[in-house]
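This is what each chain is made of:
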Amino acid sequence: MRATAREAALALLACALTLLLAWALGSKPLIDTLMRLAIFGLYAVSLNILVGYTGLVSFGHAMFFGFGAYAFGLLMQTGLTSLPAAALASLALSAALAFVVGALCIRLADIYFSFLTLAFQMLLHAVILSWVGLTGGDQGLQGGIPRPRFLGINLADPWQVFVVTMVAFFASLLAIRTILQSPFGYALRMVRDNAPRAAALGLPVQRYKLAAFVIAGLFGALAGILMALYVSGAYPNFAFWTLSGEGMFMIMLGGIGVFLGPVLGAAIFLLLNDTVTRFTEYNGMFMGVVLLVVVLGLRQGLLDVVMARIRPR
Amino acid sequence: MAHSDFGRPGRRSVLKAGLVTGATLAMPFVARGASKQPIRIGQPSILSGRIAQLGISSRNAAQMVVDAFNAAGGLDGRTIELISRDSKGKPDEAARVVRELINNDGCQIILDSEASSGAFAVQEVVRETGTLCIHADSETTSLTADPKIRAPNAFRCARQVLHDSIVGGSYAAGIAKAQGLKRWMTCSPDYVYGRDSSSEFLDYLKVFEPSVEAVGATWPKLFAPDYTENVTRILETKPQALYSALYSGDLVSFIDQGNLYGLFDQVKFFAINMADYTTLHAVKKLPAGIYSCNRYLSTFPATKSNAEWSAAYDKRYNVLPLNWAWQNALAMQFLVEAIKKTGSDDGKVLAGALRGMTVESPFGAKGTVTMRAEDQTIVDYAIGWGVTIPQAPFVEGMEAADWTVIAARETEWKKQKGWA
Amino acid sequence: MNLDAFAGCLSSASCLITQTSAGLIIGMLLFLVACGVTLIFGVLGVINFAHGAFYMLGAYLALTAYQLTDSYLAAVLCAAAGVGLFGVAFDRLFMSRVYNSNVLMQLLVCYAFVLILDDAVKMIWGAEFQSMGMPAAFALRPLHVLGGLVPPFYVFLVAVTIAIAIALGGLIERTLFGKIVRAAAVNRQMVSALGINTSLLYASVFGLGALLAGAAGALAAPVRSATPGMGVSILIESFIVTVIGGMGSIAGAFTAAVLLGLVRSFGSIGFPLFTDGLMFGLMVIVLLIRPQGLFARGSA
């Protein structure tokens, strides 16, 4: 319990420092960058619950990012729900989706699982593209997302969106961290390292996997909701396979075995992307080479390397 | 903590990694000369992936106009610098790139060469920043027609789906009447553009020739590799005429696969996007007698200035210009003329000059194109339909559209929508 | 949904013939692109996520070879050989380093290559789409069979695909190479201990899978235009076929492909807006009833 309290204090401090820094500098590009980092960082951390801690390599995680963004945007556009209610409802819907998809996918081991998550994601992408009446098809949700005031918070103001995003980001990190440090979290690691043994010890392996899948989907959807709020819309590429690939790329860059690795990975990924895009249209070639170097050269993420140095086994 | 799977890297592989990264970073870097403060125009576009052609031809065409302006001395020695940047076809990335161009690169003007989804994202950014913006590649009608989406600082210099549908409907109605084509079917890609294009075409076809009947529709997926099921479905329905909004590689695959079944011997084919040089060249056995709208043709309008522009583009880039090229060339021309006319680089001043501006252009139906003031979109550009032939000039019998008919129908349509 | 049209088709001989043959054609093309994935997975236990990119490479190599030689046969052979060699090199230089790692590493190596190959194709062949055109030998009128239409080119493609299926099945089931390959799939150490070079074996199987992808891209080139990034839809299709058929089973992939082809050709009559959904629906049903797929050896 004491560890949790310390981590809560750390998260609070980090959140306060970030907000203070952004407020002091007041730079728009900085705020933009921090928002994107929070969104993709949360997305990558949520994916790492599956990849790093449960050993489930999902190639369809963007499905929840996209679903959360669309569900939230569509609910807000009806004008019937308040903002927090829409966010909670889309999280509930995403969890339900994750439950159904997860229940089907976790029946299969390893590579089959990757396959199937990818296939489901492409199904969702196809539905978004062709259900024009609801989703606006390839042009995305049109007309912006309305932001009625709630609890004195006005999300039409970019600064307040920033604050809410940061609070949501750090709160989510804390929540995920707490889950992963709980007995449940250690059970997931056991499932990852040796599922048959875990089963022999009486652990309901499938149920644990499904729970991890739903939790990951939930936070992935939250990242999607924040993204929808940030860009004031939702687009089909939120649910496209490339975003799933990028999620794994971020995890690999930053580190799989360290909790904050994916956040660092997201930061490096965004930095590389933004810099490379400025100089060349062969972004894919460049990113592909970087990825190869990391996978085949380092064979682990940057924070993994650092941690291995600090804590020699 | 780390997985047992992830071994330690060798020192050499790390070194190699560093070298590769360094080399790749340095390669594309080109230093920009800076003398007198240039006027910076940012161009977000799609330069990679399946529709990289869009961005490349947009950039090429705009750059030609910029070079001519700079070579002629610019604005009192101030040159224009065009900064093109890849959004990879992602709308959220397009929005980011535009913000970056404005905030970090100091662009005062945005030439938006995004496809529709990106254009709507760009529209929201410039609405917020107030930056002058010309959309040069989005053909979606609502971008400028819908007053809720329109912005005072955003213009469109591109053709429009609604204009194309009115012209296509009226042309096809004439052929339907002459040849007794009653049973019509559509085969368009299953997404917004395909759906809108098909339904609006059929609407106007029925307006101009009420006796026609829509007997079916088949919707291949965008970028589908295989159209067999769509072709056999059309053969089964036995329409007399077929309309398609397929384009580029998809249209070529559809024609190749339709040819195997002799499809085009059995139906009159109206392919609105056929008359585009890449498509015309890519189809190795172009069936004679496909009806198409002009995307861009160097022979329509059949003027000297149009042929010369096409030849100059071909000479410089070694490829024939596409629809995106004329739209971007014209958009840049509008900007340049507004800059010359006002002697200013201020977005608000330029926007004032652009509203209602008429320029002489090879792409005008009658030699000029106007930026209509009321909805800030171009009119009087050349639209026509003709029939394909298998060799150059590929399309003959071009019939130019009547802009008074387009304008009348457009006003009526806007009234129905409550947008007029 | 259009059930009248569907019922009408079922009661018309010409429609039945056209749609059934169309279904077989769609199915054979699906099998052609999917069999490489199945083969590599069956033996090496890895998924080649770069399969779609290999297919694209095959299409582009065929385009160039066809322009140079004007021979469709030469184009197909060049493309198959070229992509096969590329596959061997890819296996030796990159994939072999992650065979013993987890799925994530294998997946990321392939993903990196998808990114690199898409850009490389754009650099070499340009961003605009290209088309080979129908070789003169096949530019024939469609055959009329009992009132239905069957194009000669597709008769050829179906024949080639069936030949490939039989040859693959024979290679795996009846030859010494096949025996070793099957043994290696079960116990690599044992095969290695018997003095057989398993690295060579792996490279040759990977090369064969790549060769099949390249051949598929080349064979379909006359009717499918090529663009950078064309591999994704191919990859997804191949996955669905492989999952339904049972990963690693050639016979399963064949059956699944025909099944999917028929679902699509008849689906386009009855459910024109939902054809894709039908394919995914079929996959979900199979997974619910038989998670390992229709023909899988062993369990999933």
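Let us look at the structure shown here.

Quick notes on the rules
- Residues numbered from 1 in each chain as written.
- Chains lettered and ligands numbered in written order.
- Predicted model: local features only at pLDDT ≥ 70, side-chain atom pairs only at ≥ 80, totals over all residues.
- Heavy atoms only, no water.
- Helix = DSSP H or I, 4+ residues; strand = E, 2+ residues; numbered from the N terminus.
- Buried < 20%, exposed > 50% of the residue type's maximum accessible area, 1.4 Å probe, protein only.
- Contact = heavy atoms within 4.5 Å.
- Lys, Arg positive; Asp, Glu negative; His and termini not counted.
- Charge placed at Lys NZ, Arg CZ, Asp CG, Glu CD.
- Buried area = accessible area lost by both parts, 1.4 Å probe.
- Salt bridge = Lys/Arg side-chain N within 4 Å of Asp/Glu carboxyl O.
- Polar contact = N/O pair within 3.5 Å; in protein donor to acceptor, adjacent residues only side chain to side chain.
- Phe/Tyr/Trp six-rings, centres within 6.5 Å; stacked < 30°, edge-to-face > 60°.
- Lys NZ or Arg CZ within 6 Å of the ring centre and 35° of its normal.
- Nonpolar A, V, L, I, M, F, W, Y, C, P; charged D, E, K, R; others polar.

### A word on the overall build of chain A
Here's step 1: Each helix and strand in chain A was counted, giving 14 helices and 0 strands.
Here's step 2: Helices and strands in chain A line up, N terminus first, as α-α-α-α-α-α-α-α-α-α-α-α-α-α.
Here's step 3: Relative to its full complement of 313 residues, chain A shows a buried share of 61%.
Here's step 4: Here the contacts in chain A between residues at least 6 apart in sequence split such that 76% fall between residues at least 24 apart.
Here's step 5: Within chain A, the 10 negative side-chain charges are centred at a point lying 12 Å from the centre of the 18 positive side-chain charges.

### Describing the interface of chain A and chain B
Here's step 1: Contact with chain A, which involves 42 residues of that partner, is made by 43 residues of chain B.
Here's step 2: A combined buried area of about 4100 Å² lies between chain A and chain B, and 57% of that area is made up of carbon and sulfur atoms.
Here's step 3: Here chain A is connected to chain B by 6 salt bridges.
Here's step 4: A salt bridge links Lys90(B) to Glu246(A), with the nearest nitrogen and oxygen atoms 2.9 Å apart.
Here's step 5: Linking chain A with chain B are 12 residue pairs in polar contact (both at pLDDT 80 or more), by the criterion used here.

### Comments concerning the packing of aromatic side chains
Here's step 1: What the rule picks out here adds up to 58 aromatic pairs over all chains.
Here's step 2: When the ring of Tyr43(A) is compared with that of Phe65(A), the centres are 5.2 Å apart and the planes differ by 65 degrees; the resulting orientation is edge-to-face. Note that Tyr43(A) is positioned in helix H2 (residues 28-54) and Phe65(A) in helix H3 (residues 62-78), a separation of 22 residues in sequence.
Here's step 3: Residue Tyr43(A) is classed as buried on the basis of its relative accessible area of 0%.
Here's step 4: Put simply, the rings of Tyr277(B), Tyr296(B), Trp309(B), Tyr313(B), Tyr317(B), Trp326(B), Phe363(B), Tyr381(B) and Trp403(B) touch in pairs and so form one group of aromatic residues.
Here's step 5: Directly above the ring of Tyr186(A) sits Arg189(A), whose terminal nitrogen or CZ lies 4.2 Å from the centroid.
Here's step 6: Here Arg50(B) stacks its cationic end above the ring of Phe223(B), 4.0 Å away from the centre of that ring.

### Looking at the interface of chain A and chain C
Interface size is commonly expressed as the accessible surface area that is lost when the partners come together.
Here's step 1: Taken together, the 39 residues of chain A in the interface contact 37 residues of chain C.
Here's step 2: Roughly 3800 Å² is buried in total at the junction of chain A and chain C, and carbon and sulfur atoms are behind 83% of that figure.
Here's step 3: A per-residue breakdown of the area chain A buries against chain C is headed by Ile111(A), Tyr112(A) and Phe115(A), which together make up 19% of the total.
Here's step 4: The interface formed by chain A and chain C holds 0 salt bridges in total.
Here's step 5: Our count for the contact surface shared by chain A and chain C stands at 4 residue pairs in polar contact (both at pLDDT 80 or more).
Here's step 6: For the side of chain A that touches chain C, the secondary structure elements donating two or more residues are helix H5 (110-130), helix H11 (241-254) and helix H13 (283-298) of chain A.
Here's step 7: With 11 residues, H5(A) is the single largest residue contributor to the side of chain A that touches chain C.
Here's step 8: Partitioned by chemical class, the residues of the side of chain A that touches chain C number 28 nonpolar, 6 polar and 5 charged.

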